Amino acid sequence: MLGGCLGLIPFGTFASSIGFLENTKVLRRAALLAGALMFIIVGVFPSLSGWLAKLPLTVGNAVLFAAYLQMFGTAIRTFQGAGI
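Rules of the game
- Residues numbered from 1 in each chain as written.
- Predicted model: local features only at pLDDT ≥ 70, side-chain atom pairs only at ≥ 80, totals over all residues.
- Heavy atoms only, no water.
- UniProt positions renumbered as here; feature names shortened; annotations may be inferred.
- Helix = DSSP H or I, 4+ residues; strand = E, 2+ residues; numbered from the N terminus.
- Contact = heavy atoms within 4.5 Å.

Per an unreviewed UniProt entry, the recorded name for the chain is Solute carrier family 23 protein, and the organism is Paenibacillus provencensis. Quoted verbatim from the Subcellular location (unreviewed entry) heading of the UniProt record, the comment on the chain is "Membrane".

What follows is the structure in structure tokens.
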């Protein structure tokens, strides 16, 4: 809950955040505030955080795969633009 109040973002999401931003094209501060609000809500309701903790790892891996795939595409386009 405090992470949302202080605007903290976990380290693990940094690399996938680039792919997520590339995929959604949402670059406004309002999206960060909405995410912080979701962190606060999950912190206030322990039953919600318990339910999220019970999700299979494959669900999280599928979400990260979409983000990393976008990041991979960005890297390929960068190499093509550099003539490598």
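Here the narrative resumes, following the displayed structure.
Focus on the UniProt feature "transmembrane region" (unreviewed entry) in the chain
Here, UniProt's "transmembrane region" (unreviewed entry) annotation points to residues 30-53 and 59-79. Helix makes up 96% of residues 30-53 and strand 0%. Its end C-alpha atoms lie 26 Å apart. Taken end to end, residues 59-79 comprises 100% helix and 0% strand; its first and last C-alpha atoms sit 31 Å apart.

Here we look at the environment of Val 42
Looking at where Val 42 falls in the secondary structure, it is placed in helix H3 (residues 29-44). As a C-alpha pair, Val 42 and Leu 52 span 10 residues in sequence and 8.9 Å in three-dimensional space. Sequence-distant contacts of Val 42, that is, excluding residues within four places in its chain, are made with Leu 48, Ser 49 and Leu 52.

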